[in-house]
Amino acid sequence: MSAHVEGIHAAIIMDGNGRWAVGRGKPRTAGHIVGARVVRDIVEAAPSCGISMLTLYAFSADNWQRPSREVSLLMRLFRRYLVKETTRCIANGVRMRIIGRRDRIPAELLKAIHNAEEATKHGRTLDLRIAVDYSARDAIVRAASSLPRGTKHTIEELQREIDRVYHWTGPSRDVDLLIRTGGEQRLSDFLLWECAYAELYFTDRKWPEFSPVDLEAAVQVFRSRERRFGAVPAVAAG
Ligand code: IPE
Ligand code: IPE
Ligand code: MG
């Protein structure tokens, strides 16, 4: 692993769209529409912050429980995002992949996913992973169930299997920095395995008002932290 030369893997739980809108007397869906615009700014700012992989939590497996109007608007927004952003992603060297289950995704969106992934597959500046119909626990269960029984498996093998069942084809990477907007301090079933040693950063700022300046601030905080991975501080190791 060449963690010192490769960029950060940042993951973001993009939360607070609904509360942002309701606080302005608008329907929750208005927050999702503004939130979708923010994604573009954050994706484009990520490489200059030293981020080489960005995983965004867009829709959890539990989010299907929301009112059907909200769910269908979100599905339409994802599709629109993929279609609209593909050209910019190619120009910016962004490789887009959707991670999560695919068996419950509407056919139209599935088609857009395939097109966007194919069109952007040569991107080398940023790996953009968007989690849709995602549940970390479901991924772990599926991965564990698909490994051959009766033999011992390594952490790396299980990790690769988690990636495979959720359609990630690139290199496996742990999360370096996990950001959650919207004021809640929980993981909501996101990247539980990959966050084993992630630095956690919570901000009250709601996703529709999150800006590249806020991203930069989060990365600054991350850089000021000392990661020890269970060992002693570097200075004490001599
Ligand atoms: C996050 O914002 C977006 C999705 C979960 C799709 P929310 O919709 O959860 O916003 P709040 O948390 O209700 O404010
Ligand atoms: C997590 O946010 C999912 C996304 C941001 C896509 P939720 O709003 O669904 O999480 P809870 O319900 O507050 O835990
Ligand atoms: Mg929420």
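Criteria and cut-off values
- Residues numbered from 1 in each chain as written.
- Chains lettered and ligands numbered in written order.
- Predicted model: local features only at pLDDT ≥ 70, side-chain atom pairs only at ≥ 80, totals over all residues.
- Heavy atoms only, no water.
- Helix = DSSP H or I, 4+ residues; strand = E, 2+ residues; numbered from the N terminus.
- Contact = heavy atoms within 4.5 Å.
- Near = heavy atom within 4 Å.
- Polar contact = N/O pair within 3.5 Å; in protein donor to acceptor, adjacent residues only side chain to side chain.
- Areas by Shrake-Rupley, 256 points an atom, 1.4 Å probe, with all protein chains shown as cover.
- Axes fitted to C-alpha atoms, helices over the stretch in contact; angles between N-to-C directions.
- Parallel < 35°, antiparallel > 145°, perpendicular 65-115°, else oblique.
- Left-handed = near helix turned anticlockwise from the far one by under 90°.
- Nonpolar A, V, L, I, M, F, W, Y, C, P; charged D, E, K, R; others polar.
- Pairing = 2+ DSSP bridges.

A.B. asks: So what about the environment of M75? Which residues, and what values?
C.D. replies: Here M75 is to be found in helix α3 (residues 68-92). Residues M75 and V132, 57 residues apart in the sequence, show an inter-C-alpha distance of 9.4 Å. With residues near it in sequence (within four places) discarded, M75 still touches F59, W64, P106 and L109.

A.B. asks: Summarise the site of ligand 2; cite the residues concerned and give the values.
C.D. replies: Around ligand 2 sit I13, M14, D15, Y57, A58, F59, N63, R66, R180, R186 and S188, and those are all the residues in its vicinity. At 2.9 Å from an oxygen atom of ligand 2 is found a side-chain nitrogen or oxygen belonging to N63. Contacts to ligand 2 include R186, whose side-chain N or O atom sits 2.8 Å from an oxygen atom. Protein burial of ligand 2: of its 390 Å² of free accessible surface, 77% is covered by the chains.

A.B. asks: Before we move on, can you summarise the packing of helix α5 (residues 136-146) against helix α6 (residues 155-165) with the specific residues and values?
C.D. replies: Packing of α5 against α6 brings their axes to within 8 Å, and their N-to-C directions diverge by 115°. Considering the angle they form, α5 stands roughly perpendicular to α6. Judged by the twist between their axes, the crossing of α5 over α6 is right-handed. Taken together, the residues of α6 that come into contact with α5 (itself represented by A139, I140, R142, A143, A144 and S146) are L158, E161, I162, R164 and V165. Tallied by class, the residues present in the contact of α5 with α6 amount to seven nonpolar, one polar and three charged.

A.B. asks: Explain the sheet that holds strand β5 (residues 177-180) residue by residue, including any values.
C.D. replies: Strand order across the open sheet formed by six strands is β3-β4-β2-β1-β5-β6, with parallel pairing between neighbours. Of all strands in the sheet, those with a lone pairing partner are β3 (94-99) and β6 (199-202), marking the two edges. Ignoring which end each strand starts from, the neighbouring axes of this sheet average 20° apart. Sheet topology places β5 next to β6; four bridges connect them, and they run parallel. Counterpart to I179 in the pairing with β6 is Y201. Strands in contact with α3 are β2 (51-60), β3 and β4 (126-134); relative to β3, the strand with the most contacts, it is inclined by about 155°.

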